[in-house]
Amino acid sequence: MLFWAWGGETALFQAHFDEWTNTSGIKVQVDVPRVSGGATADEYFGMLKAMEDQRIAYYDIVVLDVTWPALLTTLLLPLDGLVDASSIAVHDQSFVNEARVGGKLYALPYTTTMSLLYYRADILADYGYTSAPQTWDEMEGMLERILPSEQTKRPGFHGYVGQLKAFEGLTCNAMELLGSYGAGTVVEPDGSISTANSTRRDAAVAAMTRFRSWVTRGFIQPSVLTMDEVPAYNAWFSGNALFMRNWFYGNFPVDFTSGIAPLPGNTPDLAGFTTNAASYFGINRFTADPIRTAKVLEFITGTESQRKWAAELSFIPTIKSVIQDESICTMLGSCNVSGKLRMVSRPALATGSSYPAVSEAIINGWRQAFSGYLTPAAAVTRLTRRLAAILSIDILGPPVVVQWTDFSGIVTIIAFVIAEVVVVASTVALVRHKRSALARRVSFRLLLSMLGGLAVTAVWPLLFIGQRTGLQCFLQIAILACAWAVILACMAVQDLRVYLIVSSPLRRVASDVTRVLRAFIIVVILLQCLGLLMWGLVSPPSAAMYVVADEWEYLACSEGTTPELLAIPASVVAALVALNMWLAYRSKASEVVMTKRQSPTLQILYAICLITVIQVHLSSMTGHSLPRLLTLTRV
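Participant: Give me the lowdown on the overall build of the chain, citing residues and values where you can.
Facilitator: Each helix and strand counted, the chain has 24 helices and 16 strands in total. Taking all 635 residues of the chain together, the buried fraction comes to 49%. Taking all contacts inside the chain whose residues are at least 6 apart in sequence as the whole, residues at least 24 apart take part in 74%. Of the roughly 29,300 Å² of accessible surface on the chain, a fraction of 61% belongs to carbon and sulfur atoms.

Structure below.
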């Protein structure tokens, strides 16, 4: 039977099991994955996920972080009815309940730890302080008074060190800071977001503001923002920090007088928050012998084992009788603080499989506040909205829809009316002067077709006003694709006529060229219509909700289940654009255009195109700035 332990515990666990084998007859081999240079908790979790995906039982019993049972229910075997009930009841149930998912128990704790404030008692005494700070205000006063003087002696001396690097440890630090301000647990047990409540939001902003100010004032140096547990411990062990937040490591020796205390609170009654950092063992559900494996689990998490871990590894027990044993806490050196702590759990149970994304959002939010990238208020707002997006909680209110009576809607309607008036005026002018020498330079029918295409294009922005329907979503693409196919085809035909006549060795007559060009236009229109029809039938578009930068949501259109079909009409337009560019190059059309700029008709066409572009922007922006439209998420 293979047993997975953390690397530093392997030898002791193996010796402990070897003694137990003599009485139980169950042989256990302790192993740790062979990873060059060691592995982080996140990397261990990745190995467990691989075992889950592969459905293998290479390890019969695996070690777990407190947040992992909720994420590994398909790997872990439920313990209810398998493990003796008394082996569950002996533990502090606050630890046991963290491993219950959907009413089923998936793991048992074998140790926990606690986050504490380490302080330089000798330096505090030099300045007249006789105890550790109980509130953040008290600590800030100490830092203001002590740090400038101490840094003149040791320029690199830290005021406060903790685990503020972008990793899971920062989530733990954040949970304790939020608890110490009464700001909740980020995601409450009922699944609601803590900062959606205005009181808790204000408390979270206050906590972030405090620590951001410590960064700007130098109480927290920039290097601390890159620290996890080991660098913070090294800074403390070398005597180079006044205060440190870290896990309980037992009675480790230092060359100065130090003390441990509960972490401060915003008020004394909010002091002492510690993240639940218990470690668990669970049974791989693919094990070949669940009954014998359960016996191993009962032994390794039982009273005898926990007493041994406390004595030899300074592990804090999770069994009530061992916790309450004064000889144990005296041996650990934790008697003066253990009864003053209050446990806060990361929201793994409340968020389930979404917890990794939730933790990442917490980390990013606090890092943005620490670095000054966002103000604390903005960081809390963004974090709240990000959590809502992850957990599919609607806190943004009704979606943004441009109504006909809105400012954007009215401006779009006015622009549409102006465009259509210009098109009509251009048509009238074209008809009146169609026999003039200037008008005969360009085909009357082609110009009339282009004006028709522009008239249809001007309707397009109106389709973005009001509620969305499937037909409306289809027309948003179809109108634009067909209108511009007609416009571009007509533009190409004018130059194609000259090109076909001039390039033909027999100088084809105009009537032959006209038939060819008429067929060209018909083919273009048929291709465009068939492509759009195929898309509309195979992958019909529909109304969809979109979220912009987790800040607001609006109702728009999706391109259906197979948006790749839009490549057909898009390719037709792209091909026509390329054809026009090639013809312009061949016939030096740029010079012709410059000479025709004096034509009132062409000037009107330029104006219509400009108005159309303005309309597109007005309807697309819907009153919001472009940067906010760059981050879209389909709901």
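Participant: Give me the lowdown on the pattern of salt bridges, citing residues and values where you can.
Facilitator: Tallied over the entire structure, the rule returns 17 salt bridges. D137 is paired through a salt bridge with R210; the nearest N and O atoms lie 2.6 Å apart. Of this pair, D137 sits in helix α6 (residues 136–153) while R210 sits in helix α8 (residues 198–217), and the two are 73 residues apart along the sequence. A salt bridge links E150 to K153, with the nearest nitrogen and oxygen atoms 3.3 Å apart. With a gap of 3 residues between them, E150 and K153 both fall in helix α6, about one helical turn apart. Residue K153 is classed as exposed on the basis of its relative accessible area, which comes to 57%. Each member of the salt-bridge network shares a partner with another, and the members are D137, E140, E144, R210 and R217.

Participant: So what about the pairing of strand β7 (residues 115–120)? Which residues, and what values?
Facilitator: Among the 6 residues of β7, 6 are classified as buried, and the element is accordingly described as predominantly covered. Burial along β7 is two-sided: the residues S115, L117 and Y119 and L116, Y118 and R120 are all buried. Where β7 lies against strand β9 (residues 241–247), 5 bridges are found, and the strand directions are antiparallel. When the sheet's bridge partners are listed, L117 is paired in β9 with R245.

Participant: How would you summarise the packing of aromatic side chains if you had to cite specific residues and measurements?
Facilitator: Here the structure, examined in full by the defined rule, presents 23 aromatic pairs. For the ring pair Y233 and Y249, a centre distance of 5.6 Å and an interplane angle of 70 degrees mean the geometry is edge-to-face. One end of the pair, Y233, is in helix α9 (residues 229–237); the other, Y249, is in the loop between β9 and β10 (258–261), with 16 residues separating them in the sequence. Judged by its relative accessible area of 22%, Y233 is partly exposed. A ring pair is formed by F474 and W535, whose centres lie 5.6 Å apart and whose planes are at 20 degrees; its orientation type is stacked. In this pair, F474 sits in helix α20 (residues 470–503) while W535 sits in helix α21 (residues 510–538), placing the two residues 61 residues apart along the sequence. An aromatic cluster of three or more residues is present, and its members are F13, Y110, F281, W309 and F315.

Participant: Tell me about the packing of α6 against α8, residues and numbers included.
Facilitator: One way to put it is that α6 packs onto α8 with a least axis distance of 12 Å and a crossing angle of 5 degrees. With respect to α8, the axis of α6 lies roughly parallel. Where α6 abuts α8, its residues W136, D137, M139, E140, L143 and E144 lie against R210, F211, W214 and R217. Per-class residue counts for the contact of α6 with α8 are 5 nonpolar, no polar and 5 charged.

Participant: So what's going on with the nonpolar core? Which residues, and what values?
Facilitator: By size, the foremost hydrophobic cluster in this structure holds 80 residues, and its most contacted members are W214, I220, F243 and W366. Ranked by the residues each element gives to this core, the list is headed by α8, at 8 residues. Ignoring anything within four residues of it in the chain, the contact list for I220 reads Y160, L164, F211, W214, V215 and L225. In terms of nonpolar packing, the next biggest core, distinct from the first, is built from 48 residues, L48, L76, A107 and L297 among them.

Participant: Tell me about a nonpolar patch on the surface, and name the residues and values.
Facilitator: On the surface, L533, M534, L537, V538 and I568 cluster together to form a nonpolar patch covering roughly 470 Å² of accessible area. Mapped onto the fold, L537 is located in helix α21. Residue class for L537 comes out exposed when judged on its relative accessible area of 65%.

Participant: For the sheet that holds strand β8 (residues 158–161), give the residues involved together with the corresponding values.
Facilitator: Spatial ordering of the open sheet is given by β8-β9-β7-β10, a layout of 4 strands whose pairing is mixed. Each of the sheet's edge strands pairs with one partner strand only, and the pair in question is β8 and β10. For this sheet, the mean inter-axis angle between neighbouring strands, taken without regard to orientation, is 20 degrees. Here β8 pairs with β9 via 3 bridges, running parallel. The residue of β9 that forms the bridge with H158 is A241. Running over the sheet, helix α7 (residues 168–180) touches β7 and β9 and is turned about 105 degrees from β9. Here α9 sits on the sheet and contacts β7, β8, β9 and β10; the angle it forms with β9, its principal contact strand, is near 145 degrees.

Participant: Quick rundown of helix α19 (residues 444–459)? Include the residues and the values.
Facilitator: Helix length check: α19, at 16 residues, gives a terminal C-alpha distance of 23 Å against a target of 22 Å (1.5 Å per residue), a fit within 8%. Taken residue by residue, α19 has L446, L447, M450, L451, G453, L454, A455, T457 and A458 as its buried positions.

Participant: For the packing of α8 against helix α16 (residues 355–371), give the residues involved together with the corresponding values.
Facilitator: Remark: α8 packs on α16, axes separated minimally by 8 Å, with the N-to-C direction vectors making an angle of 45 degrees. In this view, α8 runs oblique relative to α16, as classed from their interaxial angle. For the crossing formed where α8 meets α16, the hand is right-handed. In this structure, α8 uses A207, M208, F211, R212 and V215 to contact α16, whose residues at the interface are G365, W366, A369, F370 and S371. Grouping the constituent residues of the contact of α8 with α16 by class yields 7 nonpolar, 2 polar and 1 charged.

Rules behind the numbers
Residues numbered from 1 in each chain as written. Predicted model: local features only at pLDDT ≥ 70, side-chain atom pairs only at ≥ 80, totals over all residues. Heavy atoms only, no water. Helix = DSSP H or I, 4+ residues; strand = E, 2+ residues; numbered from the N terminus. Buried < 20%, exposed > 50% of the residue type's maximum accessible area, 1.4 Å probe, protein only. Contact = heavy atoms within 4.5 Å. Areas by Shrake-Rupley, 256 points an atom, 1.4 Å probe, with all protein chains shown as cover. Salt bridge = Lys/Arg side-chain N within 4 Å of Asp/Glu carboxyl O. Pairing = 2+ DSSP bridges. Phe/Tyr/Trp six-rings, centres within 6.5 Å; stacked < 30°, edge-to-face > 60°. Axes fitted to C-alpha atoms, helices over the stretch in contact; angles between N-to-C directions. Parallel < 35°, antiparallel > 145°, perpendicular 65-115°, else oblique. Nonpolar A, V, L, I, M, F, W, Y, C, P; charged D, E, K, R; others polar. Core = buried A, V, L, I, M, F, W, Y, C linked by side-chain atoms within 4.5 Å. Patch = residues over 30% accessible without salt bridge, like charges linked within 9 Å, V, L, I, M, F, W, Y side chains within 5 Å. Expected span 1.5 Å × (residues − 1). Left-handed = near helix turned anticlockwise from the far one by under 90°.

From the geometry alone we can't say anything about function, so treat these as descriptive.
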